Structures are given as structure tokens and as C-alpha cells.
Amino acid sequence: MTEEQDLIDQSPPPSAPDPEPNSSTNPNSVIHPRRVSFEHGLLPIQKLVFTDPIQTLAPVKQKLADAASNNRVGSAAIADVLQISGDHARLVLETLGSVLHSESDPLVRAKPEEVDSVGADLRDLILFLYIQSYKKLLPRTHKDSAAVADVWPSTSAFDGYLKQSYNLKLFSVFYSHCSLLVRSNSRRFMPSQADDEAHQLSYLQKHLANIISLLAEPVEGEGDESLVFSMEAFEHLGFLVQFGDKGSDVSPLSQATPFFANSDPDMPAVPVPASQVHDWLLQNIASALESITERISGKENGPSNDQDDAMSDVCAAPNKVAPSTRGPCLIEGVSKTSLVKQASDLRGRSVKVVNCHDSVIYLLAPLRYATVHGCSDTTIVLGAVGKAIKVEHCERVHVIVAAKRVCIANCRECVFFLGVNQRPLIVGDNHKLQVAPYNTFYSHLEEHMREVGLEPTINKWDKPLALGAVDPHDSLSHPAGVADAQAESAASVDPDHVMKHLMTCFSVVSMTMAQIPNWFSGAELGSTKDNPFPLPDAYMAAQQRNLKNFEETRRSLKEAPLEENRKRELSSALHVYFKDWLYASGNIRQLYCLQGD
């Protein structure tokens, strides 16, 4: 078996002790993977993907420790030790900061100009680097596998063709075309949340011994007694796992253990052997996997209360959201309609928009994380996203968002209107992407931005950072040469075309400022009266030209030397043209749907 194949983690996990009885009867005693670390914390930088993490990370850890100050590592040391560019070292810190489990960590609280010097805790950084070896779960196969096989060959057959291809240029065209088919297929058959969680737990189960050895602290002793865990070091495992319902407030990881719980805060807890920590975690992971397996099996054999079942209701009634106390709020299958949700409707702090088509979706709430997956011909307007938003496998989608961090992966012909504090990250197989400055608002926007910690004076919408065209974290084999290709970056929308794009997003707006309408009559209005992100000069000038043209047109119509009956005819004709535009653009459906809400 090659090193690359080993990273797919298809080998059976190590055996574990029998789980404690009743370990799954109390929901707060069940261990879960921290999914945000795996969903938003992976970077397609080849030098961060270690083929043998324990053998390569041990010396890397020592070099980072030598360069650390107060156990924290800055971007300069990261760039030097990992042999990556300064931009990529900064990206490592920003990505780690967006998925850290501790809101009190200095990296989370650092101002943008402080990130490089504040750096990351060495233990968090090592865990972050370790999971770069994680391989995502392959999309679920279609129920009619024979029908799919007629359209798309098996992975092994495809790989065989790739190895026999001698014309790299011809192959690149073929590969690009085939990857589009993969995107279209995976968009509909993405893994369920239960499958993903089981896969992440299995990864942790397999690699737990290595992870424990990297975080443990050496002491005098022999055998298992030579490595121990302090309570402080143990808390850093919260980067990977947590206890309790995934949507609830999570207690410190140490309080779930029999060896650190109820420790005297005024007295340092006694370190415990690393082997004890390993066995206890392994036992809990095995118990959680058993519970998930039973839930998946029950779902396949009969009715279930699993959240995936709730999504069938969303498809049938697309204006319904499937809230969950166990994870992000899911919106799936919205088609040919419009949907508006505000903060009171989105009970979770994260949201996923999946497989929505030919629709307009407003999610006007303060959020921690957001994911948009597999959508097409849809406009998605999000409120303030304080951690990260990922848009993947989308086509002809408009995304309008204020966020700290944006990642765009495997999209085509999409337009992004961004108010973003960090450089937009572009990865994978993208085509004809466009970016533009954020140019809209709703009445509670500034309030939501303050709540999640967004800075309106910083907008790096026009500084996208393109990484690899191939994701090293998927479980597909990739031919030699393709992995080194860089993703296609995004072009800036022409300033004179910005309002044209926004007019296709909002059906009832001013001709000069795309304000999101207040769809909720009687709802309390916020204090935001304008776009909080300053527009670049060229876009401000274009907006002023639109304003001037609009005022001149309105004045000309008002002052036109026409008799009253002719003015009424002109007004009627304008209404007819506007109505024709509403029908031709499809925006009439948006008005009817939202009026019905």
C-alpha cells in the first residue's frame, strides 16, 4: 500500500475497550467531532499535508517549539519551519483562528495587524497541521448505481485511463470536463451529517495514539508513565472533539473526564498518564460510533428522527427551515421560490444552504459559520458571518455577504459581493468567478456585525488568494502534474455593471442603492441606514452617475410638457415595462412568494 492510499484511511480502526454502560443514555456524555475544524480548517497547500504525520510532525514540532515565544508561534517561524511563503503562513494563522475552540485565545481576539506577531499556541498549531492529512468522505452513490455507471465511469477505471494518458494538454481538458461531472453528481449525493460525523470519528480513532503522543508532555519514568497530560494540554484536544449537543453551549473538555472534572481552580490538577487519556477517549469514540451506526442503520431500515429525515420536509415545503439542537440550521431543496429568515428564525449559530435552485434566499442573522453547497441560479443574501463562510460546487450563484473569511471552491459563473476582513480564498476547479465590493444593507446589519466582531473599515474583496486547483483532502486519486496547478482566480466586476447585477438580486430597490427591503411588517427596525463598508472610488463614482441619471430622468418625466391624460398614459406605459421586466427576469415570483410570507 502506498503512502497516498494509506491517507484515505480505509484500513480498519484499532480495537477499543468496551464502552462504559450507559455512556450514551445522557446526551451530554456523548463525544462528537468538532466538525468546523474539518469543514473550515483544511487548506489545499501541499506542504501542509504530511504523508506520515507522526514521523514528520515530531521534528517539525521541535523546530516550532525552538522558535516559539511563551509557547506561541508567529507567522515568520511558521514560514521558516514549514518552508512556505509569508502569505501562506498568514493564511495558516487566519484559518486556525477561525476554527479555534477557545474564544479567549489571543489569536481569536487579535486585531488584523496583530495576527502575525500574536501567533498560535504550539499545541493548537500541531493539531491543525495533523488534520491536514484528513481525507473527506466520498459522496454517497446514487440508488440506481447502474444508471450512474452508464454516465460516469468508476474511479478505478478513470484512474487507469489517466495513467495511460500521454497527452497532458488533452488530458487537462478531459479532466476539467470530468471534474465538472463529478461536481454535478456530488452536489446531489453529498454525505449525510451522520455519515460525515462517523467518518471524522473514525479518523480520530485511527490517529488518536499519534495525536496523544504529540500533545503529551515527557516526564521522568518508564514506559507508559513517561508521557503525561496536564489539564491545560488536555483542553487543547477540544480543537478536535467536544461533549454534549453540538448546538448547545459546550463545557470545557476537562469537565467531562473522570480525572480532571471538579478540580480545584486554585490548585493545579495533577497530570495523568497519556495512556489513560488515550484509553478514555478511545472508549468514548467507540461508544459514539456505535450509536451513530445504530442510527444510520435504523434510518435505512425504517423511520428515524435523524436530522436528514427532517430535510425531506424542507424539500416538500421549501419555506421551512430545519433547525437542529445538534448542528447547523439546514436549508435544503429550495427551488423556484423565495425564502426570508431573520435572527429569530435561525436558532443555531451556523447555517447550511444545500441544493437550492432558481431561488432567492435571505438569511439576515448574525452567524458564526455558513456553508453554501451545490446551489445553482440562486441569489443568497447572508447577514454577518463572524467566523467563515464556504461556497462550494455552485453554478451561476450570486452571494452577498459580510464576513470575516470567505472560501470559494469548485464554482463556476458565480458573482460574490463581499465585505470581508480577510483575503477571499479560492481553491479547486473554478471558472469565470467575479467579485465586487459589498453594496447593500438591512436595518440590523451593523448591530449583527458588532455582535460577531466584523470590522467595516477593512474590506479585502479585491485581494483574492488562489491556491491549488486540486483538493488534497478528497479521497479521489489525482494524476501527476494536476496537483501542482493553481486555481483560477476571480475578476472584479466592472463598476458600471455592479448595479445591473444587484438589480437582478433585488426586485424592489432604489436605482442607486440596493437596500434589502424590510419584508417583516411590524418588525422593529435597526439603526443601519447605509452600506457600512466604504465603496472604492471607482464604484462610488459609478453609483453617483447612476444617482445623477436617475434624478435627471425623474425630473425630465416630471417636467415633461404633457397634458394630464398623456402623463397618465406615460405612467401606465412605464408600469407595463416594469411589469414586463419583473416577469422576464423572474423577479415577479420573488414578490409573490415574499408577499405570501
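Residues numbered from 1 in each chain as written. Predicted model: local features only at pLDDT ≥ 70, side-chain atom pairs only at ≥ 80, totals over all residues. Heavy atoms only, no water.

Per an unreviewed UniProt entry, the chain is named TBCC domain-containing protein 1, and its organism is Arabidopsis thaliana. As recorded by UniProt, the Sequence similarities (unreviewed entry) comment attached to the chain reads in full: "Belongs to the TBCC family." (UniProt positions renumbered as here; feature names shortened; annotations may be inferred.)

Peer 1: Got a minute to help me understand the pairing of strand β9 (residues 338-342) in this structure?
Peer 2: Every other side chain in a regular strand lies on the same face of the sheet, so the side chains alternate between the two faces. Here β9 lies mainly inside the structure; four of its five residues are buried. Bridge analysis of β9 against strand β11 (residues 360-373) gives five bridges, and the strand direction is parallel. For Ser338, the partnering residue across the bridge sits in β11 and is Val360. (Buried < 20%, exposed > 50% of the residue type's maximum accessible area, 1.4 Å probe, protein only. Helix = DSSP H or I, 4+ residues; strand = E, 2+ residues; numbered from the N terminus. Pairing = 2+ DSSP bridges.)

Peer 1: Teacher, can you tell me more about a nonpolar patch on the surface here?
Peer 2: Together, Leu557, Leu562, Leu570 and Leu574 line one region of the surface with nonpolar side chains, adding up to about 280 Å² of accessible area. Turning to its location among the elements, Leu557 is positioned in helix α18 (residues 537-559). (Patch = residues over 30% accessible without salt bridge, like charges linked within 9 Å, V, L, I, M, F, W, Y side chains within 5 Å. Areas by Shrake-Rupley, 256 points an atom, 1.4 Å probe, with all protein chains shown as cover. Salt bridge = Lys/Arg side-chain N within 4 Å of Asp/Glu carboxyl O.)

Peer 1: What's the story with the packing of aromatic side chains in this structure? I'm lost.
Peer 2: What describes a pair of aromatic rings is the distance from one ring centre to the other and the angle between the planes of the rings. Applying the stated criterion across every chain, the model contains twelve aromatic pairs. Seen in terms of ring centroids, Trp461 and Tyr539 are 5.5 Å apart; in terms of plane orientation they differ by 90°. Their pairing is edge-to-face. Linking Trp461 in the loop between α16 (445-452) and β19 (465-466) with Tyr539 in helix α18, this pair joins segments that are 78 residues apart in sequence. The exposure class assigned to Trp461 is buried, which follows from its relative accessible area of 5%. Accessibility expressed as a relative area gives 9% for Tyr539, which makes it buried. Connected via pairs of aromatic rings, a cluster forms that spans Phe229, Phe234, Phe243, Phe259, Phe260 and Trp280. (Phe/Tyr/Trp six-rings, centres within 6.5 Å; stacked < 30°, edge-to-face > 60°.)

Peer 1: Please clarify how the nonpolar core should be interpreted in this entry.
Peer 2: Note on soluble globular proteins: their nonpolar side chains tend to be buried together. Formed by 82 residues in total, the largest nonpolar core has its most connected members in Phe229 and Leu237. The two domains that each donate at least three residues to this core are domain 1 (30-138 + 193-219 + 226-245 + 270-293) and domain 2 (333-502). Beyond its immediate sequence surroundings of up to four residues, Leu237 is in contact with Leu127, Ile211, Ile212, Leu215, Phe229, Leu253, Val277 and Leu281. Core analysis: the second largest hydrophobic core is formed by 62 residues, Tyr362, Ile380, Ile408 and Met449 among them. (Core = buried A, V, L, I, M, F, W, Y, C linked by side-chain atoms within 4.5 Å. Domains from an automatic or database assignment. Contact = heavy atoms within 4.5 Å.)

Peer 1: Where do I start with helix α3 (residues 53-67) in this structure?
Peer 2: The first and last C-alpha atoms of α3 sit 20 Å apart over 15 residues, in line with the 21 Å expected at 1.5 Å per residue. Within α3, the full set of buried residues consists of Pro53, Ile54, Leu57, Val60 and Leu64. Angularly, the buried residues of α3 cover 130° about the axis, an arc narrow enough to put them on a single face. Residues of α3 that are exposed and angled more than 90 degrees away from the buried face: Gln55, Lys63 and Asp66. Along its buried surface, α3 packs onto β2 (72-73), α4 (75-82), α8 (122-130) and α12 (193-215). (Expected span 1.5 Å × (residues − 1). Arc of directions from axis to C-beta.)

Peer 1: I tried to follow unusual backbone geometry on my own but got confused; where do I start?
Peer 2: For residues other than glycine, phi is negative in most cases, and the peptide bonds are mostly trans. The phi torsion at Asn70 lies on the positive side, around 55°, for a residue other than glycine. Secondary-structure assignment places Asn70 in the loop between α3 and β2. Of note in this structure, Asn71 is not a glycine but carries a positive phi near 65°. Position of Asn71 relative to the elements: it lies in the loop between α3 and β2.

Peer 1: Would you mind going over the confidence of the model for the chain with me for this structure?
Peer 2: Note that predicted coordinates carrying low pLDDT should not be read in detail. The pLDDT averaged across the chain works out to 78; a share of 70% of its residues lies at or above 70. Counted against residues more than four places away or in other chains, residues 304-320, with its pLDDT under 50, gives 39 contacts. Counting interchain partners and residues more than four positions distant, the pLDDT-below-50 stretch residues 503-513 has 45 contacts. (pLDDT = per-residue confidence, 0-100.)

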